[in-house]
Amino acid sequence: MTEIGVVGAGAAAAAAAYVVDGAVPDASITVLEKSGGLCGRAATRRRDDVTYDYGANYIKDDDERVLDLLDRFDDGLVEVEGGIDVFDRTGEVSDGRDDQERKFTYETGLTRLAKHLFGATEAAVHRRTRVEGIARTDGAWTLTDADGERWGPFDVLLLNPPAPQTAALLETADWTGAAREHLLDAVRGVEYRTIWTAVLGYPFELDVPYYALVNTDKEHEVGWISREECKPGHVPDGESVLIVQANHGWSVERYDADPEGNVADLAAHAAAIMDDERLADPAWTDHQGWRYALPEGGLRRGVRDAAEDAGLYCLGDWVAGEARIHAALRNGLETGERLVYGL
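Residues numbered from 1 in each chain as written. Predicted model: local features only at pLDDT ≥ 70, side-chain atom pairs only at ≥ 80, totals over all residues. Heavy atoms only, no water.

S.K.: Quick rundown of the layout of surface pockets? Include the residues and the values.
M.R.: Approximately 180 Å³ is the volume found for the second largest pocket. When contributions to the lining of the second largest pocket are tallied by element, the ones reaching two or more residues are helix 8 (301–309) and helix 10 (325–342). Examining the composition of the lining of the second largest pocket, we find that four residues originate from one element, helix 8, more than from any other. Among the residues forming the lining of the second largest pocket, the class breakdown is four nonpolar, two polar and six charged. (1 Å grid on protein atoms, 1.4 Å probe; cavity = no way out; pocket = protein on both sides within 12 Å on 5 of 7 lines; lining within 4 Å. Points joined across faces, edges and corners; volume = space filled by probe spheres on them. Helix = DSSP H or I, 4+ residues; strand = E, 2+ residues; numbered from the N terminus. Nonpolar A, V, L, I, M, F, W, Y, C, P; charged D, E, K, R; others polar.)

Below you can see the structure in the form of structure tokens.
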């Protein structure tokens, strides 16, 4: 029996578990996830008849391996309708590119993909279990959670949290050697952008030609606005739901500010950018702060090799160096294959 421990149930972890479970008949996979959900920042919530992806917005059509994976798990898969236009620091909107890629989600939200992937395995997923300690003893890995419970021993350990949280685990790990030091130094070097998000619901439809607007000069307080009603099955007819993401500077400055004030400010910005004063007064709202939203670097392959020789693998979009779900999925597939090859 090959015992595999996984910290975090993000998209990369789900893809890796899917690969390993299918290729190693005697693999026993244990996943410890601190939250109550799956798929990390590809997060979905529901409110009555409304479904909305309030973190990552969609899976981009930019990787054949990921498209093949979506083809295998196409139950409820839908294509987002409409393109992406742009706006500048003054809030002026203009047309986007003509050659825009396809964009995918699920009728029940992006978390469905992780549920499909984990559901196709024998992996045991333990939610609301926060890992706070890592140890390596006699060639095996053990984990300790916030309640003091120990998990393991594991032959292989996969770390899927964002780089700063992975670094925190490595800093306190009971594991000595050059491999740890080199890996920790590299993981510490991966920087992130912070995003504070408002979700705005309205009892009317919007008459605009685009799915989303993106700020291209990165000098507006808002970085992104998208319409969940462009995703089949997400929003009932006659209603609209906007996902409004603030830029990094605004998000850092206002991260711990009063959420009601943040939401009102972002709603006012959306109304101005979309030239519709009704949007300043949503019927209902939601919000979420993502302190570690978008990685701005990757993890050099060279620093990973020695750690992987010891049975520790880092994975996620931050390892790939691209803040996209398809990048996280591809990295999970590739990490799972290296793990299988190394057993």
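S.K.: Lay out the packing of aromatic side chains with the relevant residues and their values.
M.R.: Applying the stated criterion across every chain yields a total of 11 aromatic pairs. Aromatic pair tyrosine 58 and tryptophan 224: ring centres 6.5 Å apart, planes at 40 degrees, arrangement tilted. With tyrosine 58 in the loop between strand 4 (50–53) and strand 5 (59–60) and tryptophan 224 in strand 17 (residues 222–227), this pair connects stretches of sequence that are 166 residues apart. On the basis of relative accessible area, tyrosine 58 is assigned to the buried category, the value being 8%. A residue is classified by how much of its surface remains accessible, and tryptophan 224, at 9% relative accessible area, is buried. We note arginine 45 situated over the ring of tyrosine 54; from NZ or CZ to the ring centre the distance is 4.0 Å. A cation over a ring is seen here: arginine 291 above tyrosine 255, with NZ or CZ 4.0 Å from the ring centre. (Phe/Tyr/Trp six-rings, centres within 6.5 Å; stacked < 30°, edge-to-face > 60°. Buried < 20%, exposed > 50% of the residue type's maximum accessible area, 1.4 Å probe, protein only. Lys NZ or Arg CZ within 6 Å of the ring centre and 35° of its normal.)

Remember, this is a structural readout, not a statement about activity or role.
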